[in-house]
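Here's the letter readout for the chains.
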Amino acid sequence: MSKVERTIWQRSRTWLISLIALVILIWAFAGIPLAGVKPTAAQIFSSIVNGLFHPQWSYFYTGDGEDLFSALIQTLAIAFLGTFISAIIAVPFAFWAAKTVRGWWTPRSTSGKFILTAIRVFPEIVLAIMFIKAVGPGPYAGVLALGIHSVGMLGKLFAEAVENIDRGPNEAIIAAGGSALDGLTLATLPTVLPEFMNYTLYRFEISVRSASILGLVGAGGVGAPLIFALETRNWSQVGMILIGIIVMVTLIDTISGNIRKRLI
């Protein structure tokens, strides 16, 4: 390519990319039927805002297990167990998917990445509906949904951590007469473990938010009383539940963020 042709391409590249982005944007809007806003939207929104400023404080704890405190604890338990299970299962998947040898085609790594991608295709709420049909409604279905979905994400992140480590210590152990297992336990795992913990805590933050939604389809957690309060138009209870979710997510993000800073 000559200097003149390269200059023309450099000048037109930005406009061409902008034109393609504009065409995609127009195509996306054209494919979405805009039905407009319902007449009652403003009234419902104002009712929810009023519920946030006038929450039903008595609903926070009643001692019968049907209060907001119990639902939040159940949500945290679902998120914790789902993340814990996925973090353990994701480790062998990570070493399966990690590309540790050179070459554009590595069957082991490619097949592992394909499996992790296939797992990530299904959102948590879809998996929750499927597991509700298999094991019945409740927290158990939520734990399974979060656990399976998180394997896809954690496995991908763990695999990237394995790919990016320095191979020098591992090769030195093998050159000194150690086995591949010695290199794995003495060099690889100690190196990637902090990153594994960091990604696991980050995934736990996401799982807390996801667990708050799974109750909408009957998979346990705070989503169940939230959808019930919305359907019965109990706006003060809706406000109390939303405040509880905001406080819970904020605390988890703050604590997890501080822990992750110490690990990095």
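All values reported here derive from a predicted model rather than from experimental measurement.

K.L.:
Looking at this model, I keep getting lost on the overall build of the chain. Mind explaining?
P.N.:
A count of helical and extended segments in the chain gives 10 helices and zero strands. Each helix and strand of the chain, placed in order from N terminus to C terminus, yields the pattern α-α-α-α-α-α-α-α-α-α. Each of the 264 residues in the chain was classed as buried or not, and the buried ones make up 34%. In the chain, once contacts between residues fewer than 6 apart in sequence are set aside, the share between residues at least 24 apart is 72%. When the accessible surface of the chain is split by element, carbon and sulfur atoms take 71% of a total near 16,200 Å².

K.L.:
Would you explain the environment of Gly142 in this entry?
P.N.:
Mapped onto the secondary structure, Gly142 falls in helix α6 (residues 139–163). Along the backbone, Gly142 and Ile213 are 71 residues apart, and their C-alpha atoms lie at a distance of 9.8 Å. With residues up to four places along the chain from it excluded, the contact list for Gly142 reads Ile78, Leu214 and Ala219.

K.L.:
Can you walk me through helix α9 (residues 223–231) in this structure?
P.N.:
Along an α-helix, a turn takes 3.6 residues, which lines up residues three or four apart on a common side. For α9, the full list of buried residues reads Gly223, Pro225, Leu226 and Ala229. Each buried residue of α9 lies within a common arc of 165 degrees when the element is viewed along its axis, so the set occupies one face. Turned more than 90 degrees off the buried face of α9, the exposed positions are Phe228 and Glu231. Arg233 lies just past α9 and shows a positive phi near 55 degrees.

K.L.:
Could you clarify how one ought to interpret the nonpolar core in this entry?
P.N.:
In a soluble, globular protein the nonpolar side chains are often hidden away together inside. By size, the foremost hydrophobic cluster in this structure holds 29 residues, and its most contacted members are Leu68, Val208, Val222, Ile241, Ile245 and Met248. At the level of secondary structure, the elements contributing two or more residues to this core comprise α3 (68–97), α5 (124–135), α6, α8 (180–214), α9 and α10 (235–263). For this core, the leading source of residues is α10, giving eight residues. Look past the residues within four positions of Met248 in its chain and what remains in contact with it is Leu72, Thr75, Leu76, Val208 and Ser212. Counting 17 residues, the second-largest nonpolar core is a separate cluster that includes Ala94, Ala97, Leu154 and Val192.

K.L.:
What should I look at first to understand the packing of aromatic side chains in this one?
P.N.:
The way to describe two aromatic rings as a pair is by their centre distance and the angle between their planes. Overall, the coordinates contain six aromatic pairs when judged by the stated rule. Look at Phe60 and Phe69: their rings are 6.0 Å apart centre to centre, the planes differ by 65 degrees, and that puts the pair in the edge-to-face class. By relative accessible area, which is 36% here, Phe60 ends up partly exposed. For Phe69, a relative accessible area of 36% puts it in the partly exposed group. Both rings, one in Phe80 and one in Phe204, keep their centres 6.4 Å apart while their planes meet at 85 degrees; by these two values the pair is edge-to-face. Of this pair, Phe80 sits in helix α3 while Phe204 sits in helix α8, and the two are 124 residues apart along the sequence.

K.L.:
Mind showing me how you'd approach unusual backbone geometry here?
P.N.:
Glycine aside, the phi torsion of most residues is negative, and most peptide linkages are trans. Even without being glycine, Arg233 reaches a positive phi, approximately 55 degrees. Inspection of the secondary structure puts Arg233 in the loop between α9 and α10.

K.L.:
For this particular structure, what's the right way to read α5?
P.N.:
Here α5 spans 16 Å end to end across 12 residues, near enough to the 16 Å set by a 1.5 Å rise per residue. For α5, the complete set of buried residues consists of Glu124, Leu127, Ala128 and Ile132. Take α5 and look down its axis: the buried residues cluster within an arc of 145 degrees, on one side only. Exposed residues lying more than 90 degrees from the buried face of α5 are Lys133 and Ala134. Phi turns positive, to about 95 degrees, at Gly136, one or two residues after α5.

K.L.:
Is there a simple way to explain the confidence of the model for the chain in this structure?
P.N.:
Considering every residue of the chain, the mean pLDDT works out to 83; 87% of them sit at 70 or more. Looking at the elements of the chain, mean pLDDT is at its lowest for helix α7 (residues 168–175), recorded as 71, and at its highest for α3, recorded as 90.

K.L.:
Can you help me understand the UniProt feature "transmembrane region" (unreviewed entry) in the chain in this one?
P.N.:
Those residues carrying the UniProt feature "transmembrane region" (unreviewed entry) are residues 12–30, 68–93, 211–229 and 235–255 in this numbering. In this annotation, residues 12–30 is assigned 100% helix and 0% strand; the end-to-end C-alpha distance for the span is 27 Å. Span residues 68–93 is 100% helix and 0% strand, its end C-alpha atoms 37 Å apart.

K.L.:
Would you explain the side chain of Arg203 in this entry?
P.N.:
Among the secondary structure elements, Arg203 is positioned in helix α8. In this structure the side chain of Arg203 is engaged in a polar contact, spanning 2.9 Å, whose partner is the side chain of Ser150. Excluding anything up to four places from it in sequence, Arg203 contacts Thr83, Glu124, Leu146, His149, Ser150, Met153 and Leu154.

K.L.:
Sorry, what's going on with the packing of α3 against α6 here?
P.N.:
Two packed helices can be described by the angle between their axes and the distance between those axes. α6 packs onto α3 with a crossing angle of 40 degrees between their chain directions and a minimal axis gap of 5 Å. With respect to their mutual orientation, α3 and α6 come out oblique. For the pair α3 and α6, the sense of crossing is right-handed. Classifying every residue of the contact of α3 with α6 gives 20 nonpolar, eight polar and one charged.

The rules behind each value
Residues numbered from 1 in each chain as written. Predicted model: local features only at pLDDT ≥ 70, side-chain atom pairs only at ≥ 80, totals over all residues. Heavy atoms only, no water. Helix = DSSP H or I, 4+ residues; strand = E, 2+ residues; numbered from the N terminus. Buried < 20%, exposed > 50% of the residue type's maximum accessible area, 1.4 Å probe, protein only. Contact = heavy atoms within 4.5 Å. Areas by Shrake-Rupley, 256 points an atom, 1.4 Å probe, with all protein chains shown as cover. Arc of directions from axis to C-beta. Core = buried A, V, L, I, M, F, W, Y, C linked by side-chain atoms within 4.5 Å. Phe/Tyr/Trp six-rings, centres within 6.5 Å; stacked < 30°, edge-to-face > 60°. Expected span 1.5 Å × (residues − 1). pLDDT = per-residue confidence, 0-100. UniProt positions renumbered as here; feature names shortened; annotations may be inferred. Polar contact = N/O pair within 3.5 Å; in protein donor to acceptor, adjacent residues only side chain to side chain. Axes fitted to C-alpha atoms, helices over the stretch in contact; angles between N-to-C directions. Parallel < 35°, antiparallel > 145°, perpendicular 65-115°, else oblique. Left-handed = near helix turned anticlockwise from the far one by under 90°. Nonpolar A, V, L, I, M, F, W, Y, C, P; charged D, E, K, R; others polar.

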